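What the coordinates show
Residues per chain are reported as follows:
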Amino acid sequence: MLKRTVTCGELTAEDTGKKIVLNGWVNKRRDLGGLIFFDLRDRYGLTQVVCDPEKGKSLMNIAHKLSAEDVVAVRGYVRLRPDDAINNDMPTGKIEVLAEEIEILNPAATLPFLVTDRETGLEDLRLKYRYLELRTAEIQKCLAIRHHAAQSVRSFYSKNGFFEIETPMLMKSTPEGARDYLVPSRIYKGRFYALPQSPQTYKQLLMIGGFDRYFQIVKCFRDEDLRADRQPEFTQIDVEMSFIDEDDIMENTETMLCRVFQDVINVELPRPFPRMEYSDAMRRFGSDKPDIRFGVEIHTLNTFLQNCGFRVFQSVIDSGGSVAAICVPGGAGFSRKIIDELTEQIKGWGAKGLAFVKITENGLESGVSKFLNSVEKEIVQTVGGKPGDIILFVADESRVTYPALGRLRLTVAKRLDLIPKRQFKPLWVTRFPLLEYDEEEKRYVAMHHPFTSAIPEDRAKLKTDPGAVIARAYDIVINGNEIGGGSIRNHTPEMQQEMFDVLGISREEARAKFGFLLDALTFGAPPHGGIALGFDRLVMLLAGTENIRDVIAFPKTTSAASLMDGSPTPVSGDQLKELGIKIV
RNA sequence: GGAGCCGUAGUUCAACUGGUUAGAGCACCGGCCUGUCACGCCGGAAGUUGCGGGUUCGAAUCCCGUCGGCCCCGCCA
């Protein structure tokens, strides 16, 4: 074959006259009867090739046959385009290659969708022919960003003394947390490995093993239901350090993220990242991952509405709940229909209803405004309202009111386009509760994971008031996306045992499931902690996409299937027999 | 586990209230065209209306079931 001497993205006017060979895919052919133009594409760009009848009949016969996505080699020379044919939309638009020989390396069948226009195929079709979608400019860009991000992360940690150490993919299944993907053992019939939900225990063991700065870009697996930003297998930037505290991890992670944003998209993140305690995040934003690119904060109004005479508010306050509100700039224009839609949505989030008042030049306006007469000024002032705004109230138990308003805040902000684009606002959320009560299981479960330590002053409360214990945990949030989270771990067997106790894990079970870790903690485990960042989500932010499948070369559907190869598939009876497995 | 939206030519969509031979753009095939770059013009081929059942004189359309995709809730330490 004719092997390329240059790529399709690099020729410029300075190369005029050079004899070259290009390899690539036919992006688009334009047959003018005499002259035939086509654009040749590879990962590096697009170059126009022109075929002139003066170069011979056989050349024109081949050029005539070309169609989209044929793989070809073109030998020819570079020449300037005529002035009136320069294409300023193309980086190579000043030149073209006059073909002298075209070799069709492999013709393409009729395509299920156009590689030049991703929208010509619905997503299931694009996933079936993923290798074609990989040729699209969008996916090429996303995977380039992913590559650069990975390299930036690696070089940052490596330069800072971190070792990249691989941990097993076949590990022990553990209780707590997500459902495991299981792998049957042939040698030990009836026993199973699990694929890691994260390398959590291994990285702690690496600390105990003396590798005091570790990182890894690593696949993790969780068998849970999926979302637009969740895949069954995903990638984490996993980090652990010894002899450190929260500030060290946060400082180090900030530096890393700044480096990556700088390297990959040339964006400077504002340092230091602001920090917010979990309780404030919930009260002000109704979320543990607030999007702080815009305001519309939640305001608690109990004190003003205690005696307002509106029964709905009154009874909620009397029973210990919260009445809170957001003030939506420009929301006074909301029609009855929009407000009804918002009400429906908020009911779906567990709230009983939505009250509203519009702020006009003449005061408050709506069905409930008459109850607010005496406190009108205070309320408007508290929520920061001005004429043209709408105040949306939710009254319910606090655990309903704030999250509902938090979601409402995001919904109306999207609707009114209040969220600044191409802006990055990182935020640390700190002082999470260590535990939350699981109503179904009737026990406390770890909010982060069972290896997270309590702040020292709360340690005694583990036995008396577990729900009030604050964890040494922190999440990094960017633009309302949880990008990562971590904690300072329990590094003594006593601390870890206390945690297992409060989780209701018996001594026997703790020994059976985590005996190796408890043992390891007895042999001089250093104080340690770390963080894990969702690499796919980070790349989504860098690439500006809402869909995790855009940043993964071979993603699965929201039902965890691969449409390209059809996995998961049944396996043969022989395979099952060898594993000692029977399908029920 | 639950809710919503979607499934018609290779593909993206259309087809009124259930009614003639299921249409159009792009792609594909053929013809014409020497400066195109969304090339243009003329012509052609292309359909198990996801699948199964039901209602009806008649179903892409209505009903039931099922499969698949997307999105959301639960879930995801």
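Because the structure is predicted, anything quoted here is derived from the model rather than measured.

Conventions and cut-offs
Residues numbered from 1 in each chain as written. Chains lettered and ligands numbered in written order. Predicted model: local features only at pLDDT ≥ 70, side-chain atom pairs only at ≥ 80, totals over all residues. Heavy atoms only, no water. Helix = DSSP H or I, 4+ residues; strand = E, 2+ residues; numbered from the N terminus. Buried < 20%, exposed > 50% of the residue type's maximum accessible area, 1.4 Å probe, protein only. Core = buried A, V, L, I, M, F, W, Y, C linked by side-chain atoms within 4.5 Å. Patch = residues over 30% accessible without salt bridge, like charges linked within 9 Å, V, L, I, M, F, W, Y side chains within 5 Å. Areas by Shrake-Rupley, 256 points an atom, 1.4 Å probe, with all protein chains shown as cover. Salt bridge = Lys/Arg side-chain N within 4 Å of Asp/Glu carboxyl O. Lys, Arg positive; Asp, Glu negative; His and termini not counted. Charge placed at Lys NZ, Arg CZ, Asp CG, Glu CD. 1 Å grid on protein atoms, 1.4 Å probe; cavity = no way out; pocket = protein on both sides within 12 Å on 5 of 7 lines; lining within 4 Å. Points joined across faces, edges and corners; volume = space filled by probe spheres on them. Nonpolar A, V, L, I, M, F, W, Y, C, P; charged D, E, K, R; others polar. Domains from an automatic or database assignment.

Cis geometry is adopted by the peptide bond preceding P272, which originates at R271 and carries an omega value of -5 degrees. The omega torsion across S567 and P568 is 5 degrees, close enough to zero to call that bond cis. As for its placement among the helices and strands, P568 is situated in the loop between α16 (535-543) and α17 (573-579). Its identity as a non-glycine residue notwithstanding, V296 has a phi of 50 degrees, on the positive side. Residue classification places V296 among the buried positions, given a relative accessible area of 12%. Positive phi, close to 50 degrees, is recorded for N479, a residue that is not glycine. Mapped onto the fold, N479 is located in the loop between β20 (473-478) and β21 (481-488).

Take the nonpolar core next. If you look at the biggest cluster of nonpolar residues, it comprises 44 residues, and the most contacted ones within it are Y157, I237, M256 and L542. Of all the secondary structure elements, the ones that give two or more residues to this core are α4 (137-159), β9 (213-221), β10 (233-242), α6 (246-265), β20, β21, β22 (528-534) and α16. Considering every element that reaches this core, the biggest residue donor is α6, with nine residues.

Among the surface-exposed residues, Y131, F554 and M564 lie close enough to one another that they form a single nonpolar patch of about 300 Å² accessible area. Topologically, F554 is positioned in the loop between α16 and α17.

Here we come to a positive patch on the surface. Taken together, the side chains of R227, R230, K289 and R407 present a region of like positive charge at the surface. Take R227: it is sitting in the loop between β9 and β10. What makes R227 partly exposed here is its relative accessible area of 46%.

Moving on: empty space enclosed by the protein. Within the structure shown, the criterion is met by one cavity of 30 Å³ or more. In this structure, the largest cavity occupies an estimated 60 Å³ of space. Surrounding the largest cavity, L434, T452, S453, A454, R459, L462, N490, M495, E498 and M499 form its lining. Residue composition of the lining of the largest cavity, grouped by class: five nonpolar, three polar and two charged.

So, on to the domain arrangement of chain A. Where interface size is given, it is often the accessible area lost as the parts come together that is meant. Here the domain parsing of chain A yields domain 1 (13-106), domain 2 (140-275 + 427-551) and domain 3 (294-419). Put simply, the middle of domain 1 and the middle of domain 2, counted by C-alpha atoms, are 51 Å apart.

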